[in-house]
Amino acid sequence: AQKITQTQPGMFVQEKEAVTLDCTYDTSDPSYGLFWYKQPSSGEMIFLIYQGSYDQQNATEGRYSLNFQKARKSANLVISASQLGDSAMYFCAMRETLAAGGGADGLTFGKGTHLIIQP
Amino acid sequence: DVKVTQSSRYLVKRTGEKVFLECVQDMDHENMFWYRQDPGLGLRLIYFSYDVKMKEKGDIPEGYSVSREKKERFSLILESASTNQTSMYLCASRNRGPLTGELFFGEGSRLTVL
């Protein structure tokens, strides 16, 4: 069974500081993918970044980067130069095979981290 | 622009009522999902479908059923709503195949059962 652990229920960060949101995972599959989503107070889930288990380099997307440490099974999200608009829930997720024969891949989510950026 | 549309953003129902939550996607995705989101519990998978008329139970299917008669539409049904089903419900879809493909989510339906 796969599992995602986010140990920080909430975080307060000063504007313009860098933020690291922790995520550890547990899987026995050699091939897996890790995702981060942002959920503002409006409720929509916004895809931020993806890291594949075989990717040699850490993923980056603008101010977002993923600190992928495969041996430690961690995939922390780093937000550089935080902004007030970064205040939201953040979810780490891992791809899982839900149906045999490649019928369906879904995502298993962590419990999330509520990030609040203070001016 | 890709889009997943959930029919209702907010619903208030009474215990015992039958509730339908509708989800439509315009991306021709094979896979569709219903998640439930509760504070401190993250997102939990209720049901998913990988083809028309195909449905599979997720982690918490009790008290729910689903219907997928057309590829673009995936409905979640609460046969007899109970107060412990008060929650945010999120529909999502993705293409079959690409391992890098993310889930696309609707805006969510917040259900209150009184």
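Given the structure is predicted, the values throughout are model-derived calculations rather than measurements.

Considerations on the nonpolar core
If you look at the biggest cluster of nonpolar residues, it comprises 25 residues, and the most contacted ones within it are Trp36, Leu77 and Tyr90 of chain A. Element by element, the count of residues in this core is highest for strand E10 (residues 88-99) of chain A, at 4 residues. In contact with leucine 77 of chain A, not counting residues within four places along its chain, are Val19, Thr20, Leu21, Trp36, Leu48, Ile49, Tyr64, Ser65 and Tyr90 of chain A. Among the nonpolar cores identified, the runner-up in size contains 21 residues, and Val4, Leu21, Tyr47 and Leu78 of chain B belong to it.

Some words on the packing of aromatic side chains
Counting across every chain of the model gives 14 aromatic pairs over all chains. A ring pair is formed by tyrosine 35 of chain B and phenylalanine 105 of chain B, whose centres lie 6.1 Å apart and whose planes are at 45°; its orientation type is tilted. Remark: phenylalanine 105 of chain B occurs in strand E11 (residues 104-105) and tyrosine 35 of chain B occurs in strand E5 (residues 31-38); sequence separation between them is 70 residues. The pair tyrosine 35 of chain B / phenylalanine 105 of chain B is uniform in exposure class, with both members buried. Among the aromatic residues, those joined into a ring-pair cluster are Phe35, Tyr37, Phe47, Tyr50, Phe91 and Phe109 of chain A together with Phe33, Tyr35, Phe48 and Phe105 of chain B. A cation over a ring is seen here: arginine 63 of chain A above tyrosine 64 of chain A, with NZ or CZ 5.8 Å from the ring centre.

Notes on the state of the cysteines
Note on terminology: disulfide describes a covalent bond linking the sulfur atoms of two cysteines. Evaluation of the coordinates by the stated rule reveals 2 disulfides over all chains. Each sulfur in the disulfide pair cysteine 23 of chain A and cysteine 92 of chain A lies 2.0 Å from the other. Taking the sign of the S-S torsion, about -65° here, the bridge from cysteine 23 of chain A to cysteine 92 of chain A comes out left-handed. Placement of the pair is cysteine 23 of chain A in the loop between strand E3 (19-21) and strand E4 (24-26) and cysteine 92 of chain A in strand E10, with a sequence separation of 69 residues. Judged by its relative accessible area of 0%, cysteine 92 of chain A is buried. Note that cysteine 23 of chain B is cross-linked by a disulfide to cysteine 91 of chain B, the S-S spacing being 1.9 Å. The chirality of the disulfide connecting cysteine 23 of chain B with cysteine 91 of chain B is left-handed, given an S-S dihedral of about -75°. In this pair, cysteine 23 of chain B is assigned in strand E4 (residues 23-25) and cysteine 91 of chain B in strand E10 (residues 87-94), connecting sequence segments 68 residues apart.

As for the interface of chain B and chain A
Taken residue by residue, the interface counts 22 residues in chain B and 23 residues in chain A. For the pairing of chain B and chain A, the buried interface totals around 1,900 Å² over both sides, and the portion due to carbon and sulfur atoms is 61%. For the pair chain B and chain A, the interface holds 0 salt bridges. At the boundary of chain B with chain A, the tally comes to 4 residue pairs in polar contact (both at pLDDT 80 or more). For the side of chain B that touches chain A, the secondary structure elements donating two or more residues are E5, strand E6 (42-49) and E10 of chain B.

The rules behind these values
Residues numbered from 1 in each chain as written. Chains lettered and ligands numbered in written order. Predicted model: local features only at pLDDT ≥ 70, side-chain atom pairs only at ≥ 80, totals over all residues. Heavy atoms only, no water. Core = buried A, V, L, I, M, F, W, Y, C linked by side-chain atoms within 4.5 Å. Buried < 20%, exposed > 50% of the residue type's maximum accessible area, 1.4 Å probe, protein only. Helix = DSSP H or I, 4+ residues; strand = E, 2+ residues; numbered from the N terminus. Contact = heavy atoms within 4.5 Å. Phe/Tyr/Trp six-rings, centres within 6.5 Å; stacked < 30°, edge-to-face > 60°. Lys NZ or Arg CZ within 6 Å of the ring centre and 35° of its normal. Disulfide = S-S within 2.5 Å. Buried area = accessible area lost by both parts, 1.4 Å probe. Salt bridge = Lys/Arg side-chain N within 4 Å of Asp/Glu carboxyl O. Polar contact = N/O pair within 3.5 Å; in protein donor to acceptor, adjacent residues only side chain to side chain.

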